[in-house]
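Report on the structure
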Amino acid sequence: MDDFNPLLHQTRRHFFKDCAIGLGSMALGSLLNNDNLFGAQPSEADSFVSPRAPRKPHFPAKAKSVIFLFMAGGPSQLELFDHKPKLQELNGQPIPESFIKNKRFAFMDLFTKEVPKLLGTKRRFTKHGQCGAYVSECLPHLAGIVDDIAFVRSVATDVFNHAPAKIFVNTGSPQFGRPSMGCWVSYGIGSDSRNLPGFVVLLSGPRGPRGGALNWGSGFLPTNYQGVPFRTSGEPILNLTSPKGISPTRQKQTLDALGDLNAARLADTGDPEIATRISSYEMAYRMQTSAPELIELSGETKQTLTMYGAEPGKPSFANNCLLARRLVERGVRFIQLYHTDWDHHGSGGVNLNEGLDRVCKETDQPAAALIRDLKQRGLLEQTLVVWGGEFGRTPMGEIRETVGRNHHIDTYTMWLAGGGIKPGVTVGASDELGFFPAEDRVHVHDLQASILHLLGLDHKKLTFRFQGRDFRLTDVHGELVNKLLA
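Residues numbered from 1 in each chain as written. Predicted model: local features only at pLDDT ≥ 70, side-chain atom pairs only at ≥ 80, totals over all residues. Heavy atoms only, no water.

The secondary structure content of the protein chain amounts to 16 helices and 17 strands. Taken over 486 residues, the protein chain has a buried fraction of 53%. In the protein chain, the proportion of contacts linking residues at least 24 apart, taken out of those at least 6 apart, comes to 77%. Of the accessible surface of the protein chain, which amounts to about 21,600 Å², a share of 53% is contributed by carbon and sulfur atoms. (Helix = DSSP H or I, 4+ residues; strand = E, 2+ residues; numbered from the N terminus. Buried < 20%, exposed > 50% of the residue type's maximum accessible area, 1.4 Å probe, protein only. Contact = heavy atoms within 4.5 Å. Areas by Shrake-Rupley, 256 points an atom, 1.4 Å probe, with all protein chains shown as cover.)

Structural data, given as structure tokens:
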């Protein structure tokens, strides 16, 4: 018994789990300080306590924040941006079979009845600005800022049904469970805001986007980085207000106790989800003050409210655009606005006539005002604004009650502004019917790579090991769109 050594009698389970500095804690430390995973090594104090803390990017960034204006449903580029005289000339004629042979569309049964006919637009196009960009009469406010934005008229994607197509644009994969772009950005470089989430989602329109929270979910990344939907009236976040009868002192005592328990568990297990839990409690406590102040628009000038078309207390895309500017001012890294009802097949009022007029009226003025407002406040240079949907629309019409177009993945239009984007340029072009890209095809993965690049992130290095392989936003694809970059 005199030779008894207690270390020899400790179990392997004790070594893995119960040591104060066990393998779990070491793994967490490695995760939080690995240059190959995050954009760069964070400070030792913030990395463990606050996963949201700002971190240095791979290289100097042009943009500090992103505002993604997502037009859910697939805006028709042929009614808005892509002027096609030849399509007008051939209106009503069957499309050549060579265009649609072996192609897949969302509603194939419509093409088995008869060869689909080309559909010219009723919308009038005019050149605008010094750059001479074509914009239709549907977007008169956007037409006034064309010299501040860049059009990409040859965007291509892979998925032709709404929910997986939205998820593909946002996560780089049509499969559920992958992290969204906002999560990758927050994971890579953190956020400059201590009192608000690094990734905020704002919704408008008659319903939420198809795919729902999968579009802003964190997937296999720690849930700390997932998007947080804000409401624009009432409580910004449900259950944010303390229950009746709970005093601030009592609430703080509760949170302190939870913090101590979680910190002990974190040291014990090294589970990054516990770090997320600690950070979330602290953030929620601070947001009880910061979030209500954020959505209170009555302090904005009448001139600003008029410019956006915003009405305090009345949820709208206009209010959300103004909130996006306020979020940028407060250091939020990634803000995504979803506006639904762009799916203009021609069923009832969801068509290329009054249906398109309605959503354009709801979004045109606020989107243009956002660019003007950011510019006059000196924020546009450091804020990247992106406008677009999950796919475009076909040059052929659909046989429905009213005029409409089918989903189209081969080429459509998006626009970008600020944050390192070359203003007043047009990248890419479609063919004379608007069916295929004719030059400078830009795949969704290329846009994702370019957005990360403008934030100082190399899309090939921003990875996360999960189930035995390194994942990234762009999968194994993606090339920079150099013609977009200033």
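On to helix α15 (residues 354-376). Between the first and last C-alpha of α15 there are 33 Å, a value that for 23 residues agrees with the 33 Å anticipated at 1.5 Å per step. Along α15, the sharpest change in direction is near 30° and occurs at C360. (Expected span 1.5 Å × (residues − 1). Bend = angle between axes of the 7 residues up to and from the residue.)

Before going further, it helps to examine the packing of helix α14 (residues 317-329) against α15. For the pair α14 and α15, interaxial distance at closest approach is 8 Å and the crossing angle is 15°. Between α14 and α15, the crossing angle belongs to the class labelled roughly parallel. Read as a crossing pair, α14 and α15 show a hand that is right-handed. Facing F317, A318, C321, L322 and R325 of α14, the residues of α15 in contact are E362, T363, P366, A367, L370, D373 and L374. (Axes fitted to C-alpha atoms, helices over the stretch in contact; angles between N-to-C directions. Parallel < 35°, antiparallel > 145°, perpendicular 65-115°, else oblique. Left-handed = near helix turned anticlockwise from the far one by under 90°.)

Our next topic: the pairing of strand β5 (residues 199-204). Burial analysis of β5 places 5 of its 6 residues in the buried class, the great majority of the element. Here β5 runs beside strand β6 (residues 228-230); their pairing, made up of 3 bridges, is parallel. Following the sheet pairing, V200 is matched in β6 by V228. (Pairing = 2+ DSSP bridges.)

Counted according to the given criterion, the structure contains 27 salt bridges. Across the salt bridge formed by D470 and R465, the nearest N and O atoms sit 3.1 Å from each other. Note that D475 is salt-bridged to R469, the shortest N-O span being 3.3 Å. Taking the relative accessible area as the measure of exposure, D475 reaches 24% and is therefore partly exposed. Taking the relative accessible area as the measure of exposure, R469 reaches 33% and is therefore partly exposed. Each of the salt bridges in this network shares a partner with another, and the network as a whole consists of E293, E300, R325, R326, E329, R330, D373 and R377. (Salt bridge = Lys/Arg side-chain N within 4 Å of Asp/Glu carboxyl O.)

A few words on the packing of aromatic side chains. Counting across every chain of the model gives 20 aromatic pairs. Ring geometry for F105 versus F435: centroids 6.4 Å apart, planes at 75°, classification edge-to-face. Pair noted here: F105 is in the loop between α6 (97-100) and α7 (109-113) and F435 is in the loop between β13 (429-430) and β14 (437-439), with a separation of 330 residues, a long-range link. One exposure class covers both F105 and F435, and it is buried. Centroid distance W387 to W415: 6.3 Å. Interplanar angle 10°. Geometry classified as stacked. On the criterion of sequence distance, the pair formed by W387 in strand β8 (residues 383-388) and W415 in strand β11 (residues 412-417) is long-range, its members being 28 residues apart. The exposure class of W387 is buried, given its relative accessible area of 4%. Grouped by ring-pair contacts, the aromatic residues W184, Y187, F220, Y225, F464, F466 and F471 constitute a single cluster. Lying over the aromatic face of F151, R153 brings its terminal NZ or CZ to 4.7 Å of the ring centre. Of note, R469 hangs over the ring of F471, and the distance from its end group to the ring centre comes to 4.0 Å. (Phe/Tyr/Trp six-rings, centres within 6.5 Å; stacked < 30°, edge-to-face > 60°. Lys NZ or Arg CZ within 6 Å of the ring centre and 35° of its normal.)

It is worth spelling out helix α10 (residues 181-189) at this point. Buried residues dominate α10, accounting for 9 of its 9 residues. All of the buried residues in α10 are M181, G182, C183, W184, V185, S186, Y187, G188 and I189.

Let us look at the nonpolar core. Ranked by size, the top nonpolar core spans 53 residues in total, and within it F68, W184, L384, L416 and L484 carry the most contacts. With 6 residues, the top contributor of residues to this core is α10. Sequence-distant contacts of F68, defined by excluding residues within four places in its chain, comprise V169, M181, F334, I335, Q336, L337, V386, G388 and M414. Formed by 52 residues, the second largest nonpolar core is a distinct cluster that contains A133, V146, I295 and W415. (Core = buried A, V, L, I, M, F, W, Y, C linked by side-chain atoms within 4.5 Å.)

Here the focus is the side chain of R472. Mapping R472 onto the fold places it in the segment after β17 (469-471). No salt bridge is formed by the buried R472, whose closest oppositely charged neighbour, D475, lies at an N-O distance of 6.8 Å. At 2.6 Å, the side chain of R472 and the backbone oxygen of D475 are in polar contact. Within the structure, R472 has its side chain in polar contact with the backbone oxygen of H477 (distance 2.9 Å). Among residues more than four places away in sequence, those in contact with R472 are W184, H459, K460, L462, T463 and H477. (Lys, Arg positive; Asp, Glu negative; His and termini not counted. Polar contact = N/O pair within 3.5 Å; in protein donor to acceptor, adjacent residues only side chain to side chain.)

Mean pLDDT over the protein chain works out to 87, with 84% of the residues at or above the 70 mark. Counted against residues more than four places away or in other chains, residues 20-48, with its pLDDT under 50, gives 58 contacts. (pLDDT = per-residue confidence, 0-100.)

Turning our eyes to something else, we now look at the environment of C138. Among the secondary structure elements, C138 is positioned in the loop between β3 (133-136) and α8 (140-143). When the C-alpha atoms of C138 and R123 are compared, they prove to be 7.4 Å apart, with 15 residues separating the residues in sequence.

To continue, consider unusual backbone geometry. One non-glycine residue, D440, lies in the positive phi region at around 50°. With relative accessibility at 31%, the residue D440 sits in the partly exposed group. Even without a glycine there, the phi angle at D475 is positive, about 55°. Relative to the helices and strands, D475 is located in the segment after β17.

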